[in-house]
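Listed here are the chains, written in short residue letters.
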Amino acid sequence: MTRTEWRHRGTFFLAVAAISGWPGANAQDRGTDACLALANESAQRGDLRAAESKTRECLRLAPDAASVLAYLGVILTKQDRLSEANPYLEKAIRIDASRTSTRFNLALNEFRLGNLESAAGNLESVLQRQPDHGPAALLLGTILAQKGECQRAVALLEPVGELARRQPDSVAALSRCYYVTGQRNKARHMLGALVEQSQGPEWIVVGAGVALQANDPETAESLLSAARSQYPNDPRVTYGEALVQYNAGRFAESQATLERSIAAGVREPDVFDLLAWCWHRQAHELEAAQVMQQAIQLEPSSAIRYTHLAQMLLEQENYSKAFVAAQKATELPAAGAAAWRVRATVEFAMSMFKQAANSAAKAVDLDPHDPDPLLLLGAAQQKLFRYAEAKATLEKGMRLFPDQARFSLQYGKLLLDPGGAWGVAEQASGVALLESALARDGSLFEAHLALGHYLVRTGSAVRALPHLAAAVKLSPRDAQAHLLLASAYRLAGRPADAAEEIRLYRTLQTTGPAASQLGDEKPVPHAAAAADKKQ
């Protein structure tokens, strides 16, 4: 099942309720009571500008009054001026660290601004002082779920389940973690709250996306069916249905659904983006490029459109055009980890290893929870003969992502690289890692190739033959595999077979061999990481 990311611009609906209330003056702030009362009267009437002006007058009278600073932060927040509000909230906390409500308001603003680490730190402080602070537990659990820390997220969210069911962000987060921790029935029950609470078609579609990511298409289709009955003409529901069809491999059906939507007047870039992928998956590359250009025209400042165009061109092995698209994606202000990851992949395929290492490092910085750029960084460092760096990178990957066998595979290849001047024990570890990988999956081209190469180089040509023959069978257009197999045949005393492999090698050198790919995951639409709220 194709991995698919669902992007939405959800707001934590607790915001209006949480960013409210009288600031609660401390003893040192008593002189500001009357002043703040006038400001609060204006706020109660809905005149936030007047409330702001009067609160600033209070602040001139008492510039270090925590209650005034906190209240000004509240008033600015209610006007959606979050970045302006935060310095006042931060100063109030520095003056009076016991203000849990102010710290929570600051955390909520940070969450809405996408500063998840800062938000989580403030929420931890709130819960240390007030363990029964339900909204703080709810928001922290939601953040941890988005970061993939599902065990603790579930522990925080389950006790405030009723509150969570009223917050679509938290419903999606808890459901995702239930799937991750193998609690599928709980996930389905939680997702049902999106329909029961009538949270609107956008959130039902997001819930369907969570189910789809968890390889639960039945629940995704059930949610979309419920959404269709409630919102029969909503284009977001139609888009969700098309995405389910796409991920089920029903590309022509998905294409037809999207084209009906466009014919009805829908001009959303996501719709054209997915339609381009439908054309691409059916090998209609000209149409795919044309439709993706329409998506770009509708959203010219979106890095994700250029990222997707680069992904499609990469799959076609049209590296020069893929590089242009990836470069454009990373030049846009909203470029995130996905754009840099795709650019690094294209640069690696073009043997631009120094640039690939730099781009992969940027992707790792932007999204440290994505294993792909870290793996790519290690591979690029190896190609640059920076063996110590590559070793450290891949060992880090194996620690952070123990379930990702690709790191062990790449590490095994590294330890058999003759340029690394590894010792006997390290080379033996490399052989063991590759043999272990092949025992789990005999179709790993890179493992066969690396192991065969090592055996030829160390004088075990006969043992190398089955690995290199398997490599050629798995990737018949890889010139290096044919050249190594020719060497093994020659050393094993089979000159006729060696000559045939040399002929194939020369043919591929003329026509252009396929580049070996890192990993086995194809780029897919909406592959900007879920954490890539950035795009």
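As a reminder, the structure under discussion sits directly above these lines.
### Some words on the overall build of the chain
Step number 1: Looking only at helices and strands, the chain features 30 helices and zero strands.
Step number 2: Put simply, 57% of the contacts in the chain that link residues at least 6 apart link residues at least 24 apart.
Step number 3: Split by element, the accessible area of the chain, about 23600 Å² in all, is 52% carbon and sulfur.

### A closer look at the state of the cysteines
Step number 1: Inspection of the entire model under this criterion finds two disulfides.
Step number 2: The disulfide partner of cysteine 35 is cysteine 58, and the gap between their sulfur atoms is 1.8 Å. Around the S-S axis, the bridge from cysteine 35 to cysteine 58 shows a dihedral of about -105° and counts as left-handed. Of this pair, cysteine 35 sits in helix α2 (residues 33-44) while cysteine 58 sits in helix α3 (residues 48-61), and the two are 23 residues apart along the sequence.
Step number 3: Using a relative accessible area of 17% as the deciding quantity, one classes cysteine 35 as buried.
Step number 4: Listing the disulfide partners of the chain by sequence rank of the bonded cysteines yields 1-2, 3-4.

### Points about the packing of aromatic side chains
Step number 1: Taken as a whole, this structure holds five aromatic pairs when the rule is applied.
Step number 2: Ring geometry for phenylalanine 385 and tyrosine 387: centres 6.3 Å apart, planes at 55°, overall tilted.
Step number 3: Residue classification places phenylalanine 385 among the exposed positions, given a relative accessible area of 63%.
Step number 4: For tyrosine 387, a relative accessible area of 10% gives the class buried.

### Here's the deal with helix α19 (residues 303-315)
Step number 1: Counted at 1.5 Å a residue, the expected span for α19 with its 13 residues is 18 Å, and the 19 Å between its end C-alpha atoms agrees.
Step number 2: Of all the positions in α19, only Ala303, Ile304, Arg305, Tyr306, Thr307, His308, Leu309, Ala310, Gln311, Met312, Leu313 and Leu314 are classed as buried.
Step number 3: Of the surrounding elements, those touching the buried residues of α19 are α17 (269-281), α18 (285-298), α20 (319-331) and α21 (337-349).

### Focus: the packing of helix α28 (residues 461-474) against helix α29 (residues 479-491)
Step number 1: The contact between α28 and α29 brings their axes to 9 Å, and the two run at 150°. Classified by the interaxial angle, the pair formed by α28 and α29 is roughly antiparallel. In the packing of α28 onto α29, the handedness of the crossing is left-handed. Every residue of α29 that contacts α28 at Ala461, Leu465, Leu468, Ala469, Ala471 and Val472 is listed here: Ala481, His482, Leu484, Leu485, Ala488, Tyr489 and Leu491.
Step number 2: Residues of the contact of α28 with α29, tallied by class, amount to twelve nonpolar, one polar and no charged.

### Remarks on the nonpolar core
Note that soluble globular proteins tend to have their nonpolar side chains buried in a common cluster.
Step number 1: In this structure, Phe104, Leu123, Leu139, Leu140, Ile143, Tyr179 and Leu191 are the most contacted members of the largest nonpolar core, which totals 53 residues.
Step number 2: Residues contacting leucine 140, with those up to four places away along its chain left out, are Ala120, Leu123, Glu124, Leu127, Arg152 and Leu156.
Step number 3: Counting residues in each nonpolar core, the second largest holds 41 residues, with Val271, Ala329, Ala335 and Ala363 among its members.

### Observations concerning the pattern of salt bridges
Step number 1: Scanning the model with the defined rule gives 29 salt bridges in all.
Step number 2: Glutamate 52 is paired through a salt bridge with arginine 49; the nearest N and O atoms lie 3.6 Å apart. Of this pair, glutamate 52 and arginine 49 both sit in helix α3, separated by three residues, roughly a single helical turn.
Step number 3: You can call glutamate 52 buried: its relative accessible area is 7%.
Step number 4: The exposed category is assigned to arginine 49, whose relative accessible area is 55%.
Step number 5: The partner of glutamate 162 in a salt bridge is arginine 165, and the shortest N-O contact between them spans 3.2 Å. Remark: arginine 165 and glutamate 162 occur in helix α10 (residues 161-165); sequence separation between them is three residues, near one turn of the helix.

### Description of unusual backbone geometry
Step number 1: Of note, aspartate 80 is a non-glycine position whose phi angle comes to about 60°, a positive value.
Step number 2: Tracing the backbone shows aspartate 80 in the loop between α4 (66-78) and α5 (82-95).
Step number 3: A positive phi angle is found at serine 351, which is not glycine, with a value near 60°.
Step number 4: Within the secondary structure, serine 351 sits in the loop between α21 and α22 (353-366).

What counts, and at which threshold
- Residues numbered from 1 in each chain as written.
- Predicted model: local features only at pLDDT ≥ 70, side-chain atom pairs only at ≥ 80, totals over all residues.
- Heavy atoms only, no water.
- Helix = DSSP H or I, 4+ residues; strand = E, 2+ residues; numbered from the N terminus.
- Contact = heavy atoms within 4.5 Å.
- Areas by Shrake-Rupley, 256 points an atom, 1.4 Å probe, with all protein chains shown as cover.
- Disulfide = S-S within 2.5 Å.
- Buried < 20%, exposed > 50% of the residue type's maximum accessible area, 1.4 Å probe, protein only.
- Phe/Tyr/Trp six-rings, centres within 6.5 Å; stacked < 30°, edge-to-face > 60°.
- Expected span 1.5 Å × (residues − 1).
- Axes fitted to C-alpha atoms, helices over the stretch in contact; angles between N-to-C directions.
- Parallel < 35°, antiparallel > 145°, perpendicular 65-115°, else oblique.
- Left-handed = near helix turned anticlockwise from the far one by under 90°.
- Nonpolar A, V, L, I, M, F, W, Y, C, P; charged D, E, K, R; others polar.
- Core = buried A, V, L, I, M, F, W, Y, C linked by side-chain atoms within 4.5 Å.
- Salt bridge = Lys/Arg side-chain N within 4 Å of Asp/Glu carboxyl O.

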